[in-house]
Amino acid sequence: MPFKKKTIPQKEPAPKKVLTEEPKKDLDEEGEGKSGKTFELLRGFRDILPEDQGRWNLVRDTIRSIAESYSFDRIDLPILERSDLFQRTIGKGTDIVEKEMYVFTDPSNRSVALRPEATASAARAYISHGMLDRPQPVKMWYLGPMFRHDRPQAGRYRQFYQAGFESFGVDESIVDAQLIVIGHQIFKQLGLDVKVEINSIGTAECRAAYLTELVAYFRQHRAKLSEDDKRRLQKNPLRILDSKEEVTRELLQGAPQILDWLDEKSKEHFMKVLEFLEEVEVPYVLNPYLVRGLDYYTHSVFEFVQADDTGDGAQSALGGGGRYDGLVEILGGRSTPACGFALGLERIVRALEAKGINPPERPPARVFFAQLGDASRRVGLKLFEEFRQAGIPVAEAFGKNALKGQLETANKLGVELTLILGQKEVLDGTIIIRDMESGAQEIVDVKKVVGLVKKKLYQEEGVEPVSHSPVVDS
Ligand code: AMP
């Protein structure tokens, strides 16, 4: 019987809302809306969306596999630490400590900070877990978010991810060289062309003598310096070497260079690092102005800089590091030489994107499971798990009801086989295997279906699917 069409009484059309002014937002000091109906991201923070995870996984997996191949063990460090851990190590007069740290008082009235970097935390962990007494070097790597309240721009965020490598306990030049090789290998494996810039800032003693000269030189030209650089000259003169000001960069041409002030031991350490790099053919460029932003560095400092700059004005340093022989002692531990580096993951992902380097595709499903009704869904749920554990990728559309729609999905996915489980098959303990190319169907025992599908798909190819079952030690 045809349905009677109901006529729906027409409502008076609602009067159109006329917006006379923008809805009022309570703006915070950075001009961000606070009281809109929806929430907005904080400036400098971002979501890493599902569609971007492939490239992120490529970077994370590459770093992990290289770390393991060089016998670095992973360490996970807390995101929140006592703020003086960073204040004491990174140093006064650095931008990080002076204006970029997220510092607040916790409910126990302690001053804590979201970590702006993780080297200080790694050194803290090295001391607090008595790693000084383990065989040296202790080689650790980490990966996680860092926080700096810096001015956001392309490639610079307030929350960003770093992967870092730290080697504690050995002062030999080969440690510095091998760390540079590791960084270089990561970029090479990812397909990125990166140059290594390197410098030595010697020991605290030779640096002090150099700084006296440097300050004297810039004092003669003080009038020409920007306010920022004048402040640097007073608070942390080494930082003037990485000033971006045009005038300062010109003045630097005639400025004393740290390499001329290195003592014999520092010179020898540095020369050896360079020789090792030549030995393994890692190209480097000497950059006498490279000092790195943090106070705790000694001897080698280096940066990995994108060779084929994206040209979009984004930051081109993909990572950096150096030796920090004084750090453990600053934190109250026994004097311990150490060296490390950190890579910026956002910038690496961005560089991959710019070069069109894509992650390998996820293996496509080769089997589709089509169900008809709840009883077959129940069997399907279990079967899906069996296939997954056997390493056979299966797709499904458990949310759909009609067979037609499910077969269309199977066709779209391009699977080779579709398994059809209707109510009759559930009662009989069978299942239909449909060959999607020929349309041929066979009814088989549901208990044997995993083995049969495995045979059909993999035996001809002579390969085994990758099993997802955990390996249990016997
Ligand atoms: P740094 O500890 O400052 O030497 O940083 C090491 C690497 O982390 C840099 O070379 C960048 O690739 C990355 N990095 C540092 N700061 C940021 C930031 N604010 N946003 C994104 N990446 C950053």
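Preceding this paragraph is the structure being described.
Here we summarise the structure given alongside this text. (Residues numbered from 1 in each chain as written. Predicted model: local features only at pLDDT ≥ 70, side-chain atom pairs only at ≥ 80, totals over all residues. Heavy atoms only, no water.)

What to know about the pairing of strand β4 (residues 111–114)
The sheet contact formed by strand β2 (residues 80–82) and β4 spans three bridges and is antiparallel. Residue pairing in the sheet places L80 in a bridge with L114 of β4. One ladder, built from four bridges, connects strand β3 (residues 102–105) with β4; its direction is antiparallel. By the bridge assignment for β4, T105 is matched with S111. Where β3 folds back onto β4 in an antiparallel hairpin, the turn is made up of five residues, including N109, whose phi is positive at roughly 65 degrees. (Pairing = 2+ DSSP bridges. Helix = DSSP H or I, 4+ residues; strand = E, 2+ residues; numbered from the N terminus.)

Some words on the packing of helix α1 (residues 53–69) against helix α11 (residues 345–354)
At a minimum axis separation of 10 Å, α1 and α11 run at an interaxial angle of 120 degrees. You can see that α1 and α11 cross each other, and the crossing is right-handed. Residues R55, W56, L58, V59, R60 and I63 of α1 touch α11, and the partners they reach there are L345, E346, I348, V349, L352 and E353. Split by residue class, the contact of α1 with α11 holds eight nonpolar, no polar and four charged. (Axes fitted to C-alpha atoms, helices over the stretch in contact; angles between N-to-C directions. Left-handed = near helix turned anticlockwise from the far one by under 90°. Contact = heavy atoms within 4.5 Å. Nonpolar A, V, L, I, M, F, W, Y, C, P; charged D, E, K, R; others polar.)

Details of the site of the ligand
The environment of the ligand is made up of 13 residues, and the closest members are R148, Y157, Q162, R292 and A317. Contacts to the ligand include Q162, whose side-chain N or O atom sits 3.0 Å from an oxygen atom. In the complex, 89% of the free accessible area of the ligand, which totals 480 Å², lies under the protein chains. Elements that contribute at least two residues to the shell around the ligand include exactly β6 (159–168), β10 (317–323) and β11 (338–344). (Near = heavy atom within 4 Å. Polar contact = N/O pair within 3.5 Å; in protein donor to acceptor, adjacent residues only side chain to side chain. Areas by Shrake-Rupley, 256 points an atom, 1.4 Å probe, with all protein chains shown as cover.)

With respect to a negative patch on the surface
The grouping of E275, E278, E279 and E281 at the surface amounts to a negative patch. Residue placement: E279 occurs in helix α9 (residues 264–279). On the basis of relative accessibility, which here comes to 66%, the residue E279 falls in the exposed class. (Patch = residues over 30% accessible without salt bridge, like charges linked within 9 Å, V, L, I, M, F, W, Y side chains within 5 Å. Salt bridge = Lys/Arg side-chain N within 4 Å of Asp/Glu carboxyl O. Lys, Arg positive; Asp, Glu negative; His and termini not counted. Charge placed at Lys NZ, Arg CZ, Asp CG, Glu CD. Buried < 20%, exposed > 50% of the residue type's maximum accessible area, 1.4 Å probe, protein only.)

Notes on the side chain of T336
Relative to the elements of secondary structure, T336 occurs in the loop between α10 (327–330) and β11. Here T336 falls in the buried class, since its relative accessible area comes to 4%. Separated by 2.6 Å, the side chain of T336 and the backbone oxygen of R334 make a polar contact. Those residues in contact with T336 that lie beyond four places of it in its chain are Y126, L132, F168, G169, Y324, D325 and V328.

Structural notes on the sheet that holds β4
The three strands lie next to each other as β2-β4-β3, forming an open sheet whose pairing is antiparallel. Unpaired on one side and paired on the other, β2 and β3 mark the two borders of the sheet. Strand-to-strand twist of the sheet, defined as the mean angle between neighbouring strand axes without regard to direction, takes the value 35 degrees. Across the sheet, helix α2 (residues 83–90) lies against β2, β3 and β4, angled at about 70 degrees from β2, the strand it touches most.

Topic: the sheet that holds strand β15 (residues 430–435)
Strand order in the open sheet made by the five strands is β13-β12-β14-β15-β16, with mixed pairing throughout. Of all the strands in the sheet, just β13 (394–396) and β16 (441–445) have a single pairing partner and so form its edges. Each adjacent strand pair in this sheet contributes to an overall mean axis angle of 30 degrees, direction not counted. The sheet contact formed by β15 and β16 spans five bridges and is antiparallel. In the strand pairing of β16, R434 is matched with Q441. Helix α12 (residues 374–389) contacts β12 (367–371), β13, β14 (417–421) and β15 of the sheet and is inclined by roughly 165 degrees relative to β12.

Observations regarding the packing of aromatic side chains
Under the definition given, this model contains 16 aromatic pairs. Taking the centre distance of 5.7 Å and the plane angle of 80 degrees together, the rings of W56 and Y161 count as edge-to-face. Here W56, found in helix α1, pairs with Y161, found in strand β6; they are 105 residues apart in sequence, far enough to count as distant. Within the aromatic cluster, the residues linked to one another by ring pairs are F72, W141, F165, F187, F302, F304 and F341. Across the ring face of W141, the terminal group of R74 is positioned such that the distance to the ring centre comes to 4.9 Å. A cation over a ring is seen here: R366 above Y458, with NZ or CZ 4.9 Å from the ring centre. (Phe/Tyr/Trp six-rings, centres within 6.5 Å; stacked < 30°, edge-to-face > 60°. Lys NZ or Arg CZ within 6 Å of the ring centre and 35° of its normal.)

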